[in-house]
Amino acid sequence: AMAAERGLAMATCTAPVNIAVIKYWGKRDTDLILPINSSLSVTLHQDQLKTTTTAAASRDFTEDRLWLNGKEADVGHPRVQACLREVRRLARKRRGGGEDTAALSLSYKIHIASENNFPTAAGLASSAAGYACLVSALARLYGLEEELSEVARRGSGSACRSMFGGFVEWQRGERPDGTDSLALQVAPETHWPELRVLILVVSGEKKPVGSTAGMQTSVETSPLLKHRAEVVVPERLAQMMQHIRDRDFEGFGQLAMRDSNQFHATCLDTFPPIFYLTDVSRHIIALAHRYNAHHGHTKVAYTFDAGPNAVIFALADTVAEFVEVVRRSFPPATNGDGFIRGLPVGSAALSQELVAAVVSMGLPRVPDLCPAPQPGPGPQLVDDPSQHLLGADGLP
Ligand code: DP6
């Protein structure tokens with residue numbers, strides 16, 4: 001299928017975004033990307049958010065090349081190179097050293113094209129889906145069938161969790177060489193079909209401090225982060241797994257919010273401090289707490305990564321009402337364009353009581369709402385050759 005015999009081989013995969021509910025923040029080895037604590041995430045459905053990557057190899061290519069969202073990018077990036085090197089090493093090992101003539105030559109140069117179906121400017125973490133997709137496409141190209149979260153981890157720590165669908169744990173591992181620092185599926189996406197995820201895009205701007213640099217400063221300066229990794233996370237991880245197993249939204253939501261808050265507390269405890277949350281983020285936090293207080297239990301839970309955008313977890317029966325609360329709390333954007341993209345949210349009438357208790361008018365800015373309705377599966381092979389991002393000439 002891959003036409004290796006004609007000297008051009010091509011494979012296309014898609015991969016999902018994941019959102020951590022027990023956060024990864026801090027490395028014990030920056031080169032191998034080994035974390036100081038285990039983490040746990042939900043893989044989002046690719047109908048809403050996904051990366052697509054085509055990898056091609058040909059004897060006619062004269063150099064490795066990379067295109068991101070249609071623009072040529074630096075293929076020499078150390079993390080891209082680490083993934084390429086690891087995949088090629090595994091392919092060589094599999095062939096037992098000798099060149100199998102039927103297999104794709106490992107000496108061929110490679111072309112890679114990658115695209116997101118969501119605007120990169122939306123400020124959503126795209127590196128996890130990006131590296132998971134790169135590794136999946138390369139693995140297909142070279143015919144590798146083993147579990148490759150260890151390789152995706154070399155691209156971006158959180159990328160190893162995007163190698164699986166559903167609910168995924170990244171085990172920190174103990175070994176210095178990182179061979180036990182892997183992702184494992186805790187439960188498949190079908191385990192909790194009522195769970196929904198909403199992304200409130202507060203800002204599409206590039207973050208002032210990237211995660212890689214930020215977490216390193218935290219490791220070097222924050223005593224709270226050390227305590228978190230050694231004491232808090234091990235306990236929380238076990239609790240979170242149980243909440244997921246029980247489909248206990250109250251427990252899941254409470255712990256997700258607390259863990260997000262503690263991650264941002266370690267950012268404030270970093271010296272100099274790092275601020276990812278903005279006033280709008282804090283308004284969303286307060287809104288979620290007012291909403292839950294009004295209902296007397298946890299109906300929505302927020303989590304924030306290294307940026308101001310909110311990810312909201314809720315059960316399906318809560319989405320329409322909470323979306324209406326958000327809509328009513330933030331004034332319409334002056335340009336009035338699409339607040340809600342793609343999500344078939346039913347309309348909800350709010351009671352006077354709820355409006356008075358929860359809705360707060362005149363908040364600074366309308367967040368865009370990017371819905372990713374459900375947990376979803378891991379990387380997928382794209383069979384249809386018309387979906388390749390590279391043409392028969394190996395160019396986008
Ligand atoms: C806050 O995986 O982007 O989103 O390993 O340096 O590439 P690197 O960092 P990255 O960090 C993600 C941090 C986080 C929490 C999480 O996803 O667990």
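That block above? That's the structure.
Residues numbered from 1 in each chain as written. Predicted model: local features only at pLDDT ≥ 70, side-chain atom pairs only at ≥ 80, totals over all residues. Heavy atoms only, no water.

(A) Seen up close, the pattern of salt bridges. Using the criterion set out here, one finds 13 salt bridges in the structure. A salt bridge links K226 to E230, with the shortest nitrogen-to-oxygen separation between them at 3.0 Å. Residue K226 and its partner E230 are located together in helix 5 (residues 223–246), separated by four residues, close to a single helical turn. Judged by relative accessible area, E230 falls into the exposed class, the value being 52%. Salt-bridge contacts for D259 lead to R228; the nearest nitrogen and oxygen are separated by 2.8 Å. Note that D259 is positioned in helix 6 (residues 249–269) and R228 in helix 5, a separation of 31 residues in sequence. (Salt bridge = Lys/Arg side-chain N within 4 Å of Asp/Glu carboxyl O. Helix = DSSP H or I, 4+ residues; strand = E, 2+ residues; numbered from the N terminus. Buried < 20%, exposed > 50% of the residue type's maximum accessible area, 1.4 Å probe, protein only.)

(B) How the structure looks around the site of the ligand. Around the ligand, 18 residues are found, and the nearest of them are Y24, K27, R79, S156 and S158. Measuring from an oxygen atom of the ligand, one finds a side-chain N or O atom of K27 at 2.6 Å. Coverage of the ligand by the protein chains reaches 94% of its 460 Å² of free accessible surface. Top contributing element to the shell around the ligand by residue count: helix 4 (residues 211–221), with three residues. (Near = heavy atom within 4 Å. Polar contact = N/O pair within 3.5 Å; in protein donor to acceptor, adjacent residues only side chain to side chain. Areas by Shrake-Rupley, 256 points an atom, 1.4 Å probe, with all protein chains shown as cover.)

(C) Region of the structure containing the sheet that holds strand 5 (residues 39–43). A sheet is described by the order of its strands in space; here four strands give the open sequence 2-5-10-11, paired in antiparallel fashion. Pairing within the sheet leaves two strands with one partner each, and these edge strands are strand 2 (18–22) and strand 11 (183–187). Taking each pair of neighbouring strands and ignoring which way they run, the sheet shows an average axis angle of 35°. (Pairing = 2+ DSSP bridges. Axes fitted to C-alpha atoms, helices over the stretch in contact; angles between N-to-C directions.)

(D) Quick look at the environment of A306. By secondary structure assignment, the location of A306 is in the loop between strand 13 (300–304) and strand 14 (310–315). Those residues in contact with A306, other than ones at most four positions away along the chain, are W25, K207, S211, F263 and Y276. (Contact = heavy atoms within 4.5 Å.)

(E) Spotlight on the sheet that holds strand 8 (residues 71–73). Judged by pairing direction, the sheet is mixed, and its six strands sit side by side in the order 8-7-9-6-1-16 without closing on themselves. Taken across any chain shown, the strands that pair with only one partner, and hence form the sheet edges, are strand 8 and strand 16 (380–381). Here three bridges tie strand 7 (residues 65–68) to strand 8, and the two strands are oriented antiparallel to one another. Bridge assignment links L68 to a residue of strand 8, and that residue is K71. Relative to the sheet, helix 2 (residues 127–141) contacts strand 1 (8–16), strand 6 (50–58), strand 9 (109–116) and strand 16, its axis offset from that of strand 1 by approximately 145°.

(F) Looking closely at the packing of helix 7 (residues 279–295) against helix 8 (residues 319–329). The N-to-C vectors of helix 7 and helix 8 enclose an angle of 130°; their axes lie 12 Å apart at closest approach. Accordingly, the angle class assigned to the pair helix 7 and helix 8 is oblique. The two elements helix 7 and helix 8 cross, and the hand of that crossing is right-handed. Contacts between helix 7 and helix 8 involve L287, Y291 and H295 from the first element and E321, F322, V325, V326 and S329 from the second. In the contact of helix 7 with helix 8, the residues fall into five nonpolar, two polar and one charged. (Parallel < 35°, antiparallel > 145°, perpendicular 65-115°, else oblique. Left-handed = near helix turned anticlockwise from the far one by under 90°. Nonpolar A, V, L, I, M, F, W, Y, C, P; charged D, E, K, R; others polar.)

(G) Geometry of the packing of aromatic side chains. Under the counting rule described, the total for this entry stands at eleven aromatic pairs. Residues W192 and F252 carry aromatic rings whose centres are separated by 5.2 Å and whose planes lie at 75° to one another, so their mutual orientation is edge-to-face. Of the two residues, W192 sits in the loop between strand 11 and strand 12 (195–201) while F252 sits in helix 6, which places them 60 residues apart along the sequence. Note on W192: relative accessible area 2%, which makes it buried. By way of ring pairs, the aromatic residues F167, W192, F249, F252 and F313 are connected into one cluster. (Phe/Tyr/Trp six-rings, centres within 6.5 Å; stacked < 30°, edge-to-face > 60°.)

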